[in-house]
Amino acid sequence: EDSQFLLILSFTMSCNHAARRSEEASYPELNRSAGSKWIKNLTHDRLSQFTGGHYADINLSSVLFTHRIDDEAHVKLQVWSAPGLTKPLFEEAMKQKFRPAKKGESFGPSWTNHWWKVSLKIPSDWSEYERVQFEFDPSCEAMIFASDGTPLQGITGGYGGDRRVDFIIPPEARKAGKYDFVVESSCNGMFGINGIDAPDMNRYFSLASADLVVPNQEAWRLLWD
């Protein structure tokens, strides 16, 4: 009986091995026929459950920032609005009288030009973090300048796909604990006002964010992936 069992087992294993070899030999390397279509929006909808939306307070969005402060002790804002639809140069704007400003104010109408002096005080215990940023969202277009007038970075406010509101604080400024710079904002979007529609000449834009933040880089890398 034992020898009969071993014979059957050996025969079964031999058949299985032959079947696997046959499958491997016949498995197509290329598929030349139509396959199933990847429906991209289904993937996007699934991924969106992990960012923002109904579960924003517990999903990945809830851990994107380690610190965020906007009080006047750390973020001091001053603004000067150019008259009419004029577009003054940096040197001319710096000669004007600036007034105190704060997050939440609205600026307009369409196509007007506004200049900001920004003074940051960076907490000393933030030196341990990989990155510190200034998040400036005027809901419109802007340009960041160094104090000497050197253009540093463009800003696109709002929440469209072209959003870019993060300005990385240089390492030397973090070490010094303070940083001063200038922002010029223009009350229009990347493609004008209202895209291809007739422009709204009386549109106003809100300063939605002027925050000193520490991003959680590990969480952001996962979000980008």
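Treat the numbers as computed from the prediction; the structure is a model and nothing was measured. (Residues numbered from 1 in each chain as written. Predicted model: local features only at pLDDT ≥ 70, side-chain atom pairs only at ≥ 80, totals over all residues. Heavy atoms only, no water.)

### Topic: the overall build of the chain
Here is the rule: Only runs of H or I of at least four residues qualify as helices and only runs of E of at least two qualify as strands under DSSP, and these elements are numbered from the N terminus. For every residue, the accessible area (1.4 Å probe, protein chains only) is compared with the maximum for its type, and the residue is labelled buried under 20%, exposed over 50%, or partly exposed between those bounds. In this description, contact between two residues means that some pair of their heavy atoms is separated by no more than 4.5 Å. Areas reported here follow the Shrake-Rupley algorithm with a probe of radius 1.4 Å; residue values treat only the protein chains shown as occluding.
Looking only at helices and strands, the chain has 5 helices and 12 strands in total. By the burial criterion, 34% of the 225 residues in the chain qualify as buried. Contacts spanning at least 24 positions in sequence make up 72% of the contacts within the chain whose residues lie at least 6 apart. Accessible surface for the chain amounts to roughly 15100 Å². Of this, 55% is attributable to carbon and sulfur atoms.

### Some words on the sheet that holds strand 8 (residues 151–156)
Just so we agree on the cut-off: Here, any two strands with at least 2 DSSP bridges between them count as paired. Fitted lines through C-alpha atoms serve as axes, helices being fitted only where they are in contact, and the angles separating the N-to-C directions of these axes extend from 0 to 180 degrees.
Across the sheet, 6 strands lie side by side as 3-2-5-10-7-8; this open sheet has antiparallel pairing. Taken across any chain shown, the strands that pair with only one partner, and hence form the sheet edges, are strand 3 (99–101) and strand 8. Averaged over all pairs of adjacent strands, the angle between their axes in this sheet comes to 30 degrees, without regard to strand direction. When strand 5 (residues 113–121) meets strand 10 (residues 178–186), the two strands line up antiparallel, connected through 9 bridges. Bridging from a neighbouring strand, His114 pairs with Ser185 of strand 10.

### Focus: the pairing of strand 7 (residues 141–145)
In terms of burial, strand 7 is largely enclosed, as 4 of its 5 residues are buried. Between strand 7 and strand 8, which pair antiparallel and follow one another directly, the connecting turn spans 5 residues, one of which, Gly149, has a positive phi of 95 degrees. Sheet topology places strand 7 next to strand 10; 5 bridges connect them, and they run antiparallel. Looking at the pairing, Met143 lines up with Glu184 of strand 10.

### Considerations on empty space enclosed by the protein
To keep it simple, the criterion reads: Think of a 1 Å grid over just the protein atoms. A cavity is a set of points where a 1.4 Å probe fits yet cannot get out, a pocket is an open set with protein on both sides within 12 Å along at least five of seven lines, and lining residues have an atom within 4 Å of a point. Grid points are joined across faces, edges and corners, and a volume is the space filled by probe spheres set on the points. Gly is placed with the polar residues, together with every amino acid not listed as nonpolar (Ala, Val, Leu, Ile, Met, Phe, Trp, Tyr, Cys and Pro) or charged (Asp, Glu, Lys and Arg).
Per the counting criterion, the structure on display carries 1 cavity of 30 Å³ or more. For the largest cavity, the calculated volume is near 40 Å³. Taken together, Phe107, Trp116, Pro138, Cys140, Ser185, Cys187, Phe205 and Leu207 form the lining of the largest cavity. Its residues assigned to classes, the lining of the largest cavity comprises 7 nonpolar, 1 polar and no charged.

### A short note on the layout of surface pockets
Estimated volume of the largest pocket: approximately 270 Å³. Lining the largest pocket are 13 residues; nearest its centre among them are Phe65, Arg163, Val165, Asp166 and Trp220. Of all the secondary-structure elements, those providing two or more residues to the lining of the largest pocket are strand 6 (133–137) and helix 5 (217–224). Here the element with the most residues in the lining of the largest pocket is helix 5; it accounts for 3 residues. Of the residues contributing to the lining of the largest pocket, the split by class is 6 nonpolar, 2 polar and 5 charged.

### Topic: the state of the cysteines
The criterion, for reference: Disulfides are defined in this document as cysteine sulfur pairs within 2.5 Å.
Inspection of every chain in the model, using the stated rule, returns 0 disulfides. Cys187 carries a free sulfur, and the closest cysteine sulfur to it, the one in Cys140, is 4.9 Å from it.

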